[in-house]
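Observations on the three-dimensional arrangement
Letter by letter, the chains look like this.
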Amino acid sequence: MGCTGSLAGPRSPASSYLVQTRDKAGRLWTASLDMGSGAFGALQAVMPPEALDFVGISHLHPDHCADLTGLAVYAKYRPGGAMASLPVYGPQDTPHHLAELQYSHDPDSEGGDFNYGVWSQGVGIPVGPMTITPYRVLHPVEAWGFRLDGPSDSVPGRQVTMGYSGDTDTCDGLTEVAAGTDLLLIEAAFEQDRDVARGVHLTGERAGQVARAGRAKRVVVTHVPPWNRAALTLSAVASKYSGPIYLAKRWASYVI
Ligand SMILES: [Zn+2]
Ligand SMILES: [Zn+2]
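Being a predicted model, the structure only gives us computed values, none of them experimental.

This brings us to the overall build of the protein chain. Secondary structure assignment for the protein chain yields seven helices and twelve strands. The C-alpha radius of gyration computed for the protein chain amounts to 17 Å, which stays within 12% of the reference 18 Å derived for 256 residues, consistent with globular compactness. On the principal axes, the C-alpha backbone points of the protein chain span a range of 50 × 45 × 35 Å. Residue burial in the protein chain is summarised as follows: out of 256 residues, 52% are buried. Looking at the protein chain as shown, the accessible area adds up to about 11,500 Å², and 53% of this sits on carbon and sulfur atoms. Counting 20 positive and 25 negative side-chain charges, the protein chain places the averaged centre of each group 11 Å from the other.

Here it is, written out as structure tokens:
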């Protein structure tokens, strides 16, 4: 639903990705990874928000969580009654952070009527037939990347794995996220010759190195800020990784 790095951009909201899979009975399960600036509008364009089964927040920067506010308002006030309590997993402070975003001055209040959960290293959360497993990654705030395991949509009976980096520099957690993935959704927010800070984001080169070391089968490059030269980032990834590389775009979908 959104892939622009660090803020909503002119062509896309900020980070927010729907992951869907069907169980054996044919029931479609939908998880949203992140709900960044502008993403809740995009969500309403593709599905009724009531059909969401799970929201997983990688970290509490606004480009990954700000539109939980819209989801909370929708869930509480939509005509026809409140939505059944939606599981929202995130870092420790997620409920209070959301309360502050909603202009609450009560330090004990929790934002929204969600069923909150807290990520714990390597502890997978089932969402229908898929499992979302968090790994701590390297960013200036508590941040998580994820491995998602579930049934393939393209080859019946096969199990597949997707990785999502969240925001991170290279680290052990990202290595876990990337290993053996059928599809790796990985950020590349920095440009090598301009952004020299470490411990914040990946460059295209570092994203490519991670994909190569993890033997990822396909790579989707995301979180490119509007001021970056995306073509430069893609060629930087390709300088280290020889598999198929895609630039994330709003409304793009990938089947594994
Ligand atoms: Zn970000
Ligand atoms: Zn961030």
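Picking up where we left off.
This part takes up the coordination of the zinc ion (ligand 2). With distances of 2.2 to 2.4 Å, the protein atoms coordinating the zinc ion (ligand 2) are His 59 (NE2), His 61 (ND1), His 139 (NE2) and Asp 167 (OD). Taken together, the four donor atoms surrounding the zinc ion (ligand 2) define angles of 89 to 169° at the centre, an arrangement classified as irregular. Coordination of the zinc ion (ligand 2) draws on donor residues from a single chain, spaced H-x1-H-x77-H-x27-D in sequence. Here the zinc ion (ligand 2) and the zinc ion (ligand 1) are spaced 3.4 Å apart, linked through Asp 167, which binds each one. Of the two residues, His 59 sits in the loop between β3 (54-56) and α2 (62-65) while Asp 167 sits in the loop between β9 (159-164) and α5 (172-178), which places them 108 residues apart along the sequence. Note on Asp 167: relative accessible area 2%, which makes it buried.

Summed over the entire model, instances satisfying the criterion amount to zero disulfides. Note on Cys 65: no disulfide assigned, nearest cysteine sulfur contributed by Cys 3 at a separation of 18 Å. The structure places no disulfide on Cys 171, whose sulfur is separated from the nearest cysteine sulfur, that of Cys 65, by 20 Å. Classification of Cys 171 by relative accessible area gives buried; the value is 19%.

Spatially, β1-β2-β3-β4-β5 is the arrangement adopted by the five strands of the open sheet, whose pairing is mixed. The sheet terminates laterally at β1 (17-22) and β5 (115-118), the two strands that pair on one side only. With strand direction ignored, the average angle separating the axes of adjacent strands in the sheet is 20°. Sheet analysis places β1 next to strand β2 (residues 28-33), joined by six bridges and oriented antiparallel. Bridging from a neighbouring strand, Thr 21 pairs with Trp 29 of β2.

Coordination sphere of the zinc ion (ligand 1), protein contribution only: Asp 63 (OD), His 64 (NE2), Asp 167 (OD) and His 223 (NE2), at 2.1 to 2.2 Å. Because the angles between the four donor atoms bound to the zinc ion (ligand 1) fall within 90 to 166°, the donor set is best described as irregular.

For the rest of this paragraph, the subject is the sheet that holds strand β6 (residues 125-127). Taking strand neighbours across the sheet as the criterion, the seven strands line up as β6-β7-β8-β9-β10-β11-β12 in an open arrangement whose pairing is mixed. The open sheet terminates on both sides in strands that have one partner only, identified here as β6 and β12 (245-247). Recorded for the sheet is a direction-independent mean angle of 20° between the axes of neighbouring strands. Where β6 meets strand β7 (residues 130-137), three bridges bridge the pair, whose relative direction is antiparallel. Looking at the pairing, Pro 126 lines up with Thr 131 of β7. Contacts from helix α7 (residues 230-238) reach β11 (219-222) and β12, with the element oriented near 160° to β12.

Our next topic: the packing of aromatic side chains. Scanning the model with the defined rule gives nine aromatic pairs in all. With a centroid separation of 5.6 Å and an interplanar angle of 65°, the aromatic rings of Phe 40 and Tyr 74 are classed as edge-to-face. Of this pair, Phe 40 sits in helix α1 (residues 39-46) while Tyr 74 sits in helix α3 (residues 68-77), and the two are 34 residues apart along the sequence. Through pairs of rings, three or more aromatic residues link up here, namely Tyr 17, Phe 54, Tyr 89, Trp 119, Phe 146 and Tyr 164. The positively charged end of Arg 136 is found above the aromatic ring belonging to Trp 144, 5.9 Å away from the centroid.

Rules used throughout
Residues numbered from 1 in each chain as written. Chains lettered and ligands numbered in written order. Predicted model: local features only at pLDDT ≥ 70, side-chain atom pairs only at ≥ 80, totals over all residues. Heavy atoms only, no water. Helix = DSSP H or I, 4+ residues; strand = E, 2+ residues; numbered from the N terminus. Rg over C-alpha atoms; globule rule 2.2 N^0.38 Å. Buried < 20%, exposed > 50% of the residue type's maximum accessible area, 1.4 Å probe, protein only. Areas by Shrake-Rupley, 256 points an atom, 1.4 Å probe, with all protein chains shown as cover. Lys, Arg positive; Asp, Glu negative; His and termini not counted. Charge placed at Lys NZ, Arg CZ, Asp CG, Glu CD. Donors = N, O, S within 2.8 Å, 3.2 Å for Na, K, Ca; no water. Tetrahedral: all angles 85-135°; square planar, octahedral: opposite > 155°, others 65-115°. Disulfide = S-S within 2.5 Å. Pairing = 2+ DSSP bridges. Axes fitted to C-alpha atoms, helices over the stretch in contact; angles between N-to-C directions. Contact = heavy atoms within 4.5 Å. Phe/Tyr/Trp six-rings, centres within 6.5 Å; stacked < 30°, edge-to-face > 60°. Lys NZ or Arg CZ within 6 Å of the ring centre and 35° of its normal.

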